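An overview of the molecular structure
Single-letter residue listing:
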Amino acid sequence: MINQIESGRCKPSYDTARKIFEVLSSLEEQPSMRAGDICSENLIYVSKSDSLHNAIELMHRHSVSQIPVFDSSKPVGLISEDGLLRHMVEKEERELKNMKVEDVMDPPPPIVDAMTPAKALVPLVRYSKCALVSKKGSMVGIITASDTLKMVE
């Protein structure tokens, strides 16, 4: 109907126009999505003292391309496919098999509050590949590029 009105093929009655405006204004009033709404709550992580071999197995088992690294409850790094490929080029295969996660981890991903507007996360995730989501100081999830696509579903 809106297409027909905009193209001049239809002149709506007052009641029809009022209904269209009511629906459009109700869409504007809906709260926007937040980080807590789109994050994956099943946070898979490794410890910095874990073996690199175990971290890679975990990535395969859960079909993820990056895993945050924790020391106790504090995020201290990130293991990613891209980072691992970089190390594979630089190191010998036998060296990699005996390494710990802390030997090859990248800096930790950014941390955002669960109430952060989801739209603000798109450029952040494009740059950093993921972001951890916290609520009252505890990590509650992770947002990756595929999670940001939930905003258009």
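There is about 400 Å³ of room inside the largest pocket. Of all the secondary-structure elements, those providing two or more residues to the lining of the largest pocket are α4 (52-62), α5 (81-90) and α6 (93-97). Counting residues per element, the lining of the largest pocket draws most heavily on α4, which supplies five residues. Residue composition of the lining of the largest pocket, by class: eight nonpolar, two polar and three charged.

With that settled, consider the sheet that holds strand β3 (residues 74-80). If you walk across this open sheet you meet the three strands as β1-β2-β3, and the pairing is mixed. For this open sheet the edge positions go to β1 (46-47) and β3, each flanked by a neighbour on one side alone. When strand β2 (residues 66-71) meets β3, the two strands line up antiparallel, connected through six bridges. Following the sheet pairing, V69 is matched in β3 by G77. Each of β1, β2 and β3 touches α4; the most contacted strand, β2, lies at about 135° to it.

On to the pattern of salt bridges, then. Under the definition given, this model contains four salt bridges. Between D71 and K48 there is a salt bridge, and its shortest N-O distance comes to 3.5 Å. In this pair, D71 is assigned in strand β2 and K48 in the loop between β1 and α4, connecting sequence segments 23 residues apart. For K48, a relative accessible area of 28% translates into the label partly exposed. We note a salt bridge from K150 to D147, for which the minimum N-O separation is 3.2 Å. Given the relative accessible area of 29%, K150 is considered partly exposed. Residue classification places D147 among the buried residues on the basis of a relative accessible area of 5%. Sharing partners across several salt bridges, the network here consists of D82, R86 and D106.

The next thing to look at is the nonpolar core. Burial of nonpolar side chains together is a common tendency in soluble globular proteins. Counting residues in each nonpolar core, the largest one holds 14 residues, and the members touching the most others are V46, L52, I67, I79, L84, V101 and V104. Residue contributions to this core peak at four residues, all from α4. Apart from residues lying up to four places away in sequence, V104 is in contact with L52, I79, L84, H87 and M99.

The sheet built from three strands is open, its strands ordered β4-β5-β6 with mixed pairing. Of all strands in the sheet, those bounded by a partner on one side alone are β4 (111-113) and β6 (138-144). Going across the sheet, the axis of each strand differs from the next one's by a mean of 35°, ignoring polarity. As defined by bridge partners, strand β5 (residues 130-135) adjoins β6 across six bridges and the pair is classed as antiparallel. Note that in β6 the partner of L132 across the bridge is I142.

Turning next to the pairing of β3. Counting buried residues in β3 gives five out of seven residues, a clear majority hidden from the surface. Hairpin geometry of β2 and β3 is characterised by an intervening segment of two residues between the two adjacent antiparallel strands and by a positive phi of about 60° at S72.

Reading the values: rules and limits
- Residues numbered from 1 in each chain as written.
- Predicted model: local features only at pLDDT ≥ 70, side-chain atom pairs only at ≥ 80, totals over all residues.
- Heavy atoms only, no water.
- 1 Å grid on protein atoms, 1.4 Å probe; cavity = no way out; pocket = protein on both sides within 12 Å on 5 of 7 lines; lining within 4 Å.
- Points joined across faces, edges and corners; volume = space filled by probe spheres on them.
- Helix = DSSP H or I, 4+ residues; strand = E, 2+ residues; numbered from the N terminus.
- Nonpolar A, V, L, I, M, F, W, Y, C, P; charged D, E, K, R; others polar.
- Pairing = 2+ DSSP bridges.
- Contact = heavy atoms within 4.5 Å.
- Axes fitted to C-alpha atoms, helices over the stretch in contact; angles between N-to-C directions.
- Salt bridge = Lys/Arg side-chain N within 4 Å of Asp/Glu carboxyl O.
- Buried < 20%, exposed > 50% of the residue type's maximum accessible area, 1.4 Å probe, protein only.
- Core = buried A, V, L, I, M, F, W, Y, C linked by side-chain atoms within 4.5 Å.

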